[in-house]
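Read off the chains here:
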Amino acid sequence: MLKRHGARIRDPIHGSLGFDADELALVDHRAYQRLRLIKQLGLADLAFPGATHTRFAHGLGVTHVAARMFDGVTRDYELTAGERQRLRTTLRLAALFHDLGHAPLSHTTERFMPPVRQLELGPWMSGSRDRRAGHEDYTLKILVDSDLTELFRRRFRDRGVEPEHVCALLANRLPEGMANPFHIGGRNWLPLLHQCVSSEVDADRMDYLLRDSYFAGVPYGRYDSDWLIENLTTVERGVDLHLGLHAKASFGFEDYLLSRYHMFMSVYFHHVPIGYELMLTRFFAESAHELRFPANIEQYFDCDDMFLQIRLKRSDNPWARRIIERRGYRMLAEEKGLSQDGTDAELGGDLELLHQRLEEAQVPAILHTVQGRLSKYFSFGASRPPGASEPDLYFVEENGRTFTIDNYSPLYRRYAGAAVLKRVYVDPDASDRAERVLNLTLGGRRQR
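A.B. asks: Where do I start with the overall build of the chain in this structure?
C.D. replies: Along its length, the chain carries 19 helices and 11 strands. By the compact-globule yardstick of 22 Å for 448 residues, the chain fits well, its C-alpha radius of gyration being 23 Å. Here the C-alpha coordinates of the chain stretch approximately 75 × 50 × 40 Å along the principal axes. Considering only contacts within the chain whose residues lie at least 6 apart along the sequence, 70% involve residues at least 24 apart. Split by element, the accessible area of the chain, about 19,200 Å² in all, is 48% carbon and sulfur. One finds the centroid of the 59 positive side-chain charges in the chain at a distance of 2 Å from the centroid of its 62 negative side-chain charges.

Right, dumping it as C-alpha cells:
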C-alpha cells in the first residue's frame, strides 16, 4: 500500500510505477496532462510507425528511475527520515516535470517560441533577454507562475518542498537571496540531484533510450540500466556532492554510450523526420505569422500536437500542405562523419557541388547538415576550451581513487565530438532529373 493512498501505473518499460496521492494530483493537472498530446519523438513516427509514445509516459518513467538513483547514491549517508524524504520528493518532482514546457512535437517546433523576455521569468531568467525561449524556460514559468503553482504549494508545503526548490534543481542554480534547501549537514546535495536529472548518466537518458528504442522497434537503445544504477555512487568535492560510477561498471557505461550513438544515427537523425522538420522550418520562414506560441502560460497549455496539426491543415502555405499530405522531399544523397571539433569540415564539398548543380538544373533541392553531440562536453584536458563545462561524472575505483570520465574511458573520448550527417533532399516530382544530375556530378563517388 502506498502512502497517502496513491496508485500504481503499469509501464511497458519499467513495469509497475508507484505514485502517491499528492504526486497524482499534479499529474492530473492540465499542465502535465497536456503532455499526453505531445509525441516524445516529434515526427519520427513518419519513419517508425510505432514511435507515437508521449512526453507524458516518459516523465513518469524518468520519475521512477530518478527515485531508484536517489536510493542508491544516498544509501551510505546519514540523513534524518524527514531530510531523506524531502530530498527524494524534490528529485521525483523535478524528474516528473523536467519536460513540462515542451512545445508540440517536442524539440521540433521550439523555433516558434517567443523571445524569453516575454515570459517574465524574474529571478529565473538566464542569458540574454533577447534570445528565443526554450522549453526549459517554459518549464520554470509553469512551475512558479501558473495555476499549477498554488496546487503544488498546497500539496507539498507540509513536506518542506516548494516549486522554487524544483526549479533550482532543474536549473542547477539558486537565485540571489534564496536559501539553499539542499545544504544539509555541511554538504550541498544540489549538484548531485541535478545530475540525476541532467548529466552523462541521468534518469532522462536512461528512460528515453529504452523507451524510444522499444517504440521505434529497434534494438539499438538497449543497455544494462540495472547495473548502472546499482553502481552509482557519490564523489565529494569540497562541500559539493557529485555523481560517480564504480569503475567496475565502466563497460556498462560504454555500452550505454554506444546505445545513445546508435539511436542518434538510426532514429533521431533518420532522414525522413529530419526532412519533414526542414519543411516545417521553411513554413516558419515564409509564414511565421501563422504560428507563434504564446508567452501567456494559460494559453500555452492549449498548444499540443493537435493544435499544431490544425494550424497546418488550415494553412495555404505549400510547405504546410506537403507536411499534411505527406509529400516530403526525398533524400538524394548523404555523407556521414564524426567530427572532433563540431564542424562538418571532414565531409568535404561533394554535396555542396551537387546542390549547386541541382540549382543550375532548376531541380528544387535542400542542402542540410545535422549534427549532435553524444556528450554535453567538449574533450577535456589540455584541449578543453576556456569556459567549457566541467565533467559531471566521475569513475571511482575500489581503492578510492577517482577519475574524470574523459580520463578513464577512451570510448568516451572517441565519441566526444559531433556526429555529422550532410544530406541533399529533392522534390520527389523531380526525382528523375535529380538522379541524372547526381550521376553526372558524383558518379561512382555517390553515397546513399
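A.B. asks: What should I look at first to understand the environment of serine 106 in this one?
C.D. replies: Structurally, serine 106 can be placed in the loop between α4 (81-97) and α5 (135-144). The exposure class of serine 106 is buried, given its relative accessible area of 1%. Leaving out residues up to four positions away in the same chain, serine 106 has contacts with Ile38, Lys39, Gln40, Gly42 and Arg55. Of note is the side chain of serine 106, whose polar atom sits 3.2 Å from the backbone oxygen of glutamine 40.

A.B. asks: I would appreciate a short explanation of the nonpolar core in the present structure.
C.D. replies: When a protein is soluble and globular, its nonpolar side chains tend to lie buried together. Ranked by internal contacts, the top residues of the largest apolar core, which has 122 residues, are Phe97, Trp189, Phe253 and Phe293. In contact with phenylalanine 97, other than residues within four places in its own chain, are Leu26, Tyr32, Thr139, Leu143, Leu148, Phe152 and Leu170. In this structure, Leu354, Val426, Val437 and Leu442 belong to the second largest nonpolar core, which totals 14 residues.

A.B. asks: Looking at this structure, I do not really get the packing of aromatic side chains. What am I missing?
C.D. replies: The description of two aromatic rings rests on the distance between their centres and on the angle between their planes. Under the criterion given, the structure shown has 17 aromatic pairs. Relative to phenylalanine 293, the ring of phenylalanine 112 lies with its centre 5.9 Å away and its plane at 75°, an arrangement referred to as edge-to-face. With phenylalanine 112 in the loop between α4 and α5 and phenylalanine 293 in the loop between α12 (271-287) and α13 (297-300), this pair connects stretches of sequence that are 181 residues apart. For phenylalanine 293, a relative accessible area of 2% translates into the label buried. Measuring from ring centre to ring centre gives 6.2 Å for tyrosine 208 and tyrosine 268, while their planes differ by 80°; the resulting arrangement is edge-to-face. Of the two residues, tyrosine 208 sits in helix α9 (residues 203-216) while tyrosine 268 sits in helix α11 (residues 250-268), which places them 60 residues apart along the sequence. Like tyrosine 208, the residue tyrosine 268 is buried in the burial classification. In textbook terms, an aromatic cluster arises when at least three aromatic residues are bridged by ring pairs, as seen for Phe112, Tyr138, Phe283, Phe284, Phe293, Tyr300 and Phe307. One Lys or Arg, arginine 36, reaches over the ring of phenylalanine 56 and ends 3.9 Å from the middle of that ring. Above the face of the phenylalanine 19 ring, arginine 92 is positioned so that its terminal group lies 5.2 Å from the ring centre.

A.B. asks: Explain the side chain of arginine 55 to me, please; I cannot follow it from the model alone.
C.D. replies: Looking at where arginine 55 falls in the secondary structure, it is placed in helix α3 (residues 55-73). For arginine 55, a relative accessible area of 5% translates into the label buried. Only 2.6 Å separates the side chain of arginine 55 from the side chain of aspartate 99, close enough to count as a polar contact. Every residue in contact with arginine 55, bar those within four places of it in the chain, is listed here: Tyr32, Leu35, Ile38, Lys39, Gln40, Asp99, His102, Ser106 and His107.

A.B. asks: Explain the pattern of salt bridges to me, please; I cannot follow it from the model alone.
C.D. replies: Between side chains of opposite charge, pairing is possible as soon as their charged atoms come close. Applying the stated criterion across every chain, the model contains 28 salt bridges. Of the charged contacts in the structure, one is a salt bridge between aspartate 207 and arginine 211, with a shortest N-O distance of 2.9 Å. Note that aspartate 207 and arginine 211 are positioned in helix α9 at a spacing of four residues, about one turn of the helix. The two residues aspartate 207 and arginine 211 agree in class, both being buried. Connected via shared salt-bridge partners are Asp20, Asp22, Arg155 and Arg159.

A.B. asks: Mind showing me how you'd approach the side chain of serine 259 here?
C.D. replies: With respect to the secondary-structure elements, serine 259 resides in helix α11. The residues contacting serine 259, other than those within four sequence positions of it, are Leu209, Tyr220, Gly221, Arg222 and Tyr223.

A.B. asks: Honestly, α12 in this entry has me stumped. Any pointers?
C.D. replies: Given 3.6 residues per helical turn, the α-helix brings residues three or four places apart onto the same face. Its 17 residues give α12 an end-to-end C-alpha distance of 24 Å, which sits within 8% of 24 Å, the value for a rise of 1.5 Å per residue. Burial in α12 covers these residues: Pro273, Ile274, Gly275, Tyr276, Leu278, Met279, Leu280, Phe283, Phe284 and Ser287.

Quick notes on the rules
Residues numbered from 1 in each chain as written. Predicted model: local features only at pLDDT ≥ 70, side-chain atom pairs only at ≥ 80, totals over all residues. Heavy atoms only, no water. Helix = DSSP H or I, 4+ residues; strand = E, 2+ residues; numbered from the N terminus. Rg over C-alpha atoms; globule rule 2.2 N^0.38 Å. Contact = heavy atoms within 4.5 Å. Areas by Shrake-Rupley, 256 points an atom, 1.4 Å probe, with all protein chains shown as cover. Lys, Arg positive; Asp, Glu negative; His and termini not counted. Charge placed at Lys NZ, Arg CZ, Asp CG, Glu CD. Buried < 20%, exposed > 50% of the residue type's maximum accessible area, 1.4 Å probe, protein only. Polar contact = N/O pair within 3.5 Å; in protein donor to acceptor, adjacent residues only side chain to side chain. Core = buried A, V, L, I, M, F, W, Y, C linked by side-chain atoms within 4.5 Å. Phe/Tyr/Trp six-rings, centres within 6.5 Å; stacked < 30°, edge-to-face > 60°. Lys NZ or Arg CZ within 6 Å of the ring centre and 35° of its normal. Salt bridge = Lys/Arg side-chain N within 4 Å of Asp/Glu carboxyl O. Expected span 1.5 Å × (residues − 1).

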